[in-house]
Amino acid sequence: MEKELPLATIQQSLTVEMEKELPLATIQQSLTVEMEKELPLPTIQQSLTVEMEKELPLPTVQRSLKVEGAELPKRSIMARPGFGTSGRRVSLLANHFKVSIRNPNEIFYQYSVSISYEDNMAVDNKVIGRKVIDKLYQTYSSELAEKRFAYDGEKNMFTVGPLPQNKLEFTVILEESTAKGSGSPSNNGCSTEPSKRSKHTLQSKTFKVEISYAAKIPLKSLSLALKGAETEYVQDALRVLDIILRQQAAKRGCLLVRQSFFHDDSRMFTDVGGGVTGIRGLYSSFRPTLDGLSLNMDVSTTMILKPGPVVDFLLANQNVKDPQYIDWVKAKKMLKNMRIKAIHSNKEFKIIGLSEKQCNQQFFSLKVKNGSNAGGSSDETLEITVYEYFVKHRNIELKSSAYMPCLDVGKPKRPNYLPLELCSLVSLQRYTKALSVIQRSSLVEKSRQKPPERIQVVTDAMTKYKYDEDPLLASCGISIEKQLTRIDGRVLEAPKLKFGNTEDFLPRNGRWNFNNKKLLKAHHIQEWALVNFSGRCDSSHLSRELINCGRSKGIEIERPYTIIEEDPQCRRSSPVVRVEKMFEHIIAKLPGPPEFLLCVLPERKNCDIYGPWKKKCLSNMGIVTQCISPIKITDQYLTNVLLKINSKLGGTNSLLAIEHSNRIPLITDQPTMILGMDVSHGSPGRSDIPSIAAVVGSRSWPLISKYRAAVRTQSAKMEMIGSLFKPLANGLDDDGIMRELLLDFYKTSNGRKPTQIIVFRDGVSESQFAQVINIELDQMIKAYQHLGESDIPKFTVIVAQKNHHTKLFQASAPENVPCGTVVDTKIVHPRNYDFYMCSQAGLIGTSRPAHYHVLLDEIGFSPDQLQNLIHSLSYVYQRSTTAISIVAPVCYAHLAAQQMGQFMKFEDLSDTSSGQNSVTATGSIPVPEMPRLHKDVAGSMFFC
């Protein structure tokens, strides 16, 4: 029989994720109100609060139900049911350019391309591949019937109409200097005869190219799709159009990164520190819309290595001022596979490593001509250092390389050494490692653009690059307008909020504050302590100010049991040891476990104590904790901290007025659960770090502001959540996420089971939508059935995307679009049900709207009801006083994944492992299990 798992007593809220101190609303129109005595919430709400919560029996489980093998019907993505009408009208522009197709009956022919060297070894270098194909066209255009083609840089080529034959073979000859982008001169770069060097440069390389017919892609499929039909070749036709634009960019010498391209223009560079440079480029993608085909153009940014001397890069990368302090082990790892140019020969090479010895001690064998013999010249071999060779034989002065290793730019068994100071990193080399917090902040700060500036960049690009003059696009009769698309949007009214003393407040410009206001339901903090891990902070002053600030917001905070300062001798211990030592002091000084710990950390960002501290508090001890690292203790700062603390401990900062009075359309009538789902992945190239799936579920229906999180690990880079339903080996128990959240909903909602479930899914692309409503939704249903239920809830499934490139602008004002702006016409999908919403107030840069895709709506919301619900869910985020850019459940899921991911960061995942483990096949790496939360905090909003 299934065990009845105890559900969290929802008594105290879990902990934080490393706090960004969210600014309170800067709009300080602080409506002064006379404070009244706090009135109790309506009785229905009281019965849902934590203190009043009763232990409810779990629903009975029918054993006869077999769900594991049950085949659920396949679902398809729903079509748009209509358009919204609520809100005031606003005239907008979007960064979409209208595309016309005059010859819609043209057919793209796809050909497979195979490029190999003379020895039949495949060419896998895209740069060489493009050069070979360019040369092929120059040499054999008549054999190709003068047909232009688009090449994707890999194995596919596309033409408008067919080539003369279905299979063609060619021999292409490239000069050595062209063919060998990373070639290396003989004799360790050390040949002494200029004549031989020039002869070497003129050598040529032969390639074999095979072109064979693969498929037809009718352009007409696009026209049909634009009329709302589901056709087979739409994505293929769009891909061909995108490849044509990419080929144009490649011919201009751009760096290509997926749909974006970047010119080698130093005016587009922005230094973010650590030897890394942000480079601004352009994103382009053809998209089918309700208004026809459009080209979506946007400003894009990627990271490259800072071009210039290798020594300068290493100094910046390791943040040292002198080469003598460079860590060469780190340098070797960082430099591997980078491309450099040797300034003495102007040749390009790829770094394979460093020399074992420094330049003035690294010997190699040099063959020189000896012309002194009477019988003619003969070769003589000298053992000579790299330093001596360049100084004496090449007459190149080396000022700083003598005591540094050399770069090895040869082959594994034929090293080729170059002194560091003669090497310069070539431009447009991508940097794919994760940025540090400081680098990320710097990039965000420096790459912001106000709406007019962004409009200017994309419209200038359209005029300058004349995309539709490409011969392939021209042969299809494709022309692209040069002006942004004009659209009508609507601005939804902000929802009223309910604060303490039953005060109503209407946010202005998506912002509000707690000046002269009290929190709606403040938690009385009695048993707590303050611990300080050597942070520069007067702990006594901090606790006094926190108590005073709490009093003004309606939170009664008793004096702390104790304030514990870390022993200075512990500072050099490992983070885990420091945490254990601190807990020894806590246990010794407190009469029992505290309900709350305020923790002062020495650094605001990336503090290595954070993970071990959170794990100890949340997983081992079951104590709510808040980490802070104050620079300046102000009322605004403390109010932000108190918002988080109150939420974690089960309090409520504010509610929607319609939520407070139980008037939410379609949700108040039927027990409704809201889910937010997200998967967080490790840094690029780290397949040894598992992905973390987090799902938050609403609790205490009819509220929609309270959530519980369930977090699990899964295989690295896996996007679909695999643990929603997880039957154990005994076939009876389910250890999945959905069971945990469903039982919690039942226990906190007066024994009501959800009859409606609204799912907000973050982080999936359009190609994965079908998997969400089939694979993931099936798992949710099976988890529900496993609890003995035969009546399946109605589901509404919505994907929330922030990672897209559509931007909205006001047509007649330079400011960002107003918060609450929604667009569901013209630039949306021609068939599917999607819309853009900008719920946040954009004060800096250009606002990015959220893109919501409604995949399934069994509940039956009207467009206005759904858009207003989503807009309202941007106002229930308990840790800030602003409307956020995406619904709160999605943000909470992201925070929960991020915070619990810290539990594992310090456990056997050292940075040095990335070199070897990252190449292991994902499937072969065992996935470590996420430590579970202690029962005392499992039901709390620890992620706030």
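This report concerns the structure included in the present document. In this text the structure is predicted, and so the values were computed from the model without any measurement.

**Observations concerning the overall build of the protein**
(1) Moving on: Scanning the protein from N- to C-terminus turns up 23 helices and 39 strands.
(2) Moving on: Burial analysis of the protein (944 residues in total) assigns 55% to the buried set.
(3) Moving on: Long-range contacts, defined as pairs at least 24 residues apart, comprise 76% of the intrachain contacts of the protein with a sequence gap of at least 6.

**Observations regarding the environment of Leu425**
(1) Moving on: Its location among the elements puts Leu425 in strand β21 (residues 423-425).
(2) Moving on: Relative accessible area serves as the criterion here: at 3%, Leu425 is assigned to the buried category.
(3) Moving on: Separated by 115 residues in the primary sequence, Leu425 and Val310 have C-alpha atoms spaced 5.8 Å apart.

**Topic: the nonpolar core**
(1) Moving on: Counting 124 residues, the largest nonpolar core has Tyr852, Tyr892 and Phe943 as its most contacted members.
(2) Moving on: Sorting elements by how many residues they give to this core places helix α22 (residues 888-905) first, with eleven residues.
(3) Moving on: Excluding anything up to four places from it in sequence, Tyr852 contacts Ile798, Val799, Ala800, Tyr833, Asp834, Phe835, Met837, Ile870, Ser885, Ile886 and Val887.

**Looking at the sheet that holds strand β20 (residues 417-418)**
(1) Moving on: Across the sheet, three strands lie side by side as β16-β19-β20; this open sheet has antiparallel pairing. If you trace the sheet from one side to the other, it starts and ends with β16 (353-358) and β20, each paired once.
(2) Moving on: With three bridges connecting them, β16 and strand β19 (residues 405-408) associate as antiparallel partners. Its bridge partner lying in β19, Leu354 is registered against Leu407.

**So, the pairing of β19**
Note on strand geometry: in a regular strand, side chains alternate between the two faces of the sheet.
(1) Moving on: Direction of pairing for β19 relative to β20: antiparallel, over a ladder of two bridges. Pairing of Asp408 across the sheet is with Tyr417, part of β20.

**Focus on the packing of helix α15 (residues 575-589) against helix α16 (residues 610-621)**
(1) Moving on: At a closest axis distance of 9 Å, the pairing of α15 and α16 adopts a crossing angle of 50°. Considered as vectors, α15 and α16 are oriented oblique to each other. Between α15 and α16 the crossing geometry is right-handed. Every residue of α16 that contacts α15 at Pro575, Val576, Val579, Glu580, Met582, Phe583 and Ile586 is listed here: Pro612, Trp613, Lys616, Cys617 and Met621.
(2) Moving on: Across the contact of α15 with α16, the residue classes tally to ten nonpolar, no polar and two charged.

**Description of the pairing of strand β39 (residues 850-857)**
(1) Moving on: By the criterion of burial, β39 is predominantly enclosed, with eight of the eight residues buried.
(2) Moving on: Where strand β35 (residues 794-801) lies against β39, six bridges are found, and the strand directions are antiparallel. Residue Ile798 lies in a different strand from β39, and its bridge partner there is Val854.
(3) Moving on: Bridge analysis of strand β38 (residues 833-838) against β39 gives five bridges, and the strand direction is antiparallel. By the bridge assignment for β39, Tyr836 is matched with His851.

**Remarks on helix α11 (residues 437-447)**
(1) Moving on: Along α11, the positions that sit buried rather than exposed are Val437, Gln439, Ser442, Leu443 and Ser447.
(2) Moving on: Of the surrounding elements, those touching the buried residues of α11 are β10 (269-273), β11 (276-289) and β12 (292-305).

**Observations concerning the sheet that holds β35**
(1) Moving on: Here eleven strands make up an open sheet; going across it, the order is β33-β32-β31-β34-β35-β39-β38-β37-β23-β1-β36 and the pairing mixed. Every other strand in the sheet has two partners, leaving β33 (707-714) and β36 (808-810) as the edge strands with one partner each. Strand-to-strand, the axes of this sheet are offset by a mean angle of 30°, without reference to chain direction.
(2) Moving on: Where strand β31 (residues 672-680) meets strand β32 (residues 691-698), six bridges bridge the pair, whose relative direction is antiparallel. From the neighbouring strand, Leu675 faces β32, where its bridge partner is Gly697.

**What about the packing of aromatic side chains?**
(1) Moving on: Enumeration over the complete set of coordinates arrives at 19 aromatic pairs.
(2) Moving on: Where Tyr111 meets Tyr213, the ring centres are 6.0 Å apart and the plane angle is 75°; that geometry is what we call edge-to-face. On the criterion of sequence distance, the pair formed by Tyr111 in strand β3 (residues 107-117) and Tyr213 in strand β7 (residues 204-218) is long-range, its members being 102 residues apart.
(3) Moving on: On the accessibility criterion, Tyr111 (0% relative accessible area) is buried.
(4) Moving on: The rings of Tyr707, Tyr877, Tyr892, Phe942 and Phe943 are connected pair by pair, giving a single aromatic cluster.
(5) Moving on: Taking NZ or CZ as reference, Lys517 lies 4.9 Å from the ring centre of Phe505, over its face.
(6) Moving on: In this structure, Lys616 is placed above the aromatic ring of Phe583, and the distance from its NZ or CZ to the ring centre is 5.7 Å.

Rules used throughout
Residues numbered from 1 in each chain as written. Predicted model: local features only at pLDDT ≥ 70, side-chain atom pairs only at ≥ 80, totals over all residues. Heavy atoms only, no water. Helix = DSSP H or I, 4+ residues; strand = E, 2+ residues; numbered from the N terminus. Buried < 20%, exposed > 50% of the residue type's maximum accessible area, 1.4 Å probe, protein only. Contact = heavy atoms within 4.5 Å. Core = buried A, V, L, I, M, F, W, Y, C linked by side-chain atoms within 4.5 Å. Pairing = 2+ DSSP bridges. Axes fitted to C-alpha atoms, helices over the stretch in contact; angles between N-to-C directions. Parallel < 35°, antiparallel > 145°, perpendicular 65-115°, else oblique. Left-handed = near helix turned anticlockwise from the far one by under 90°. Nonpolar A, V, L, I, M, F, W, Y, C, P; charged D, E, K, R; others polar. Phe/Tyr/Trp six-rings, centres within 6.5 Å; stacked < 30°, edge-to-face > 60°. Lys NZ or Arg CZ within 6 Å of the ring centre and 35° of its normal.

Note that all results are geometric; they support no functional claim without further evidence.
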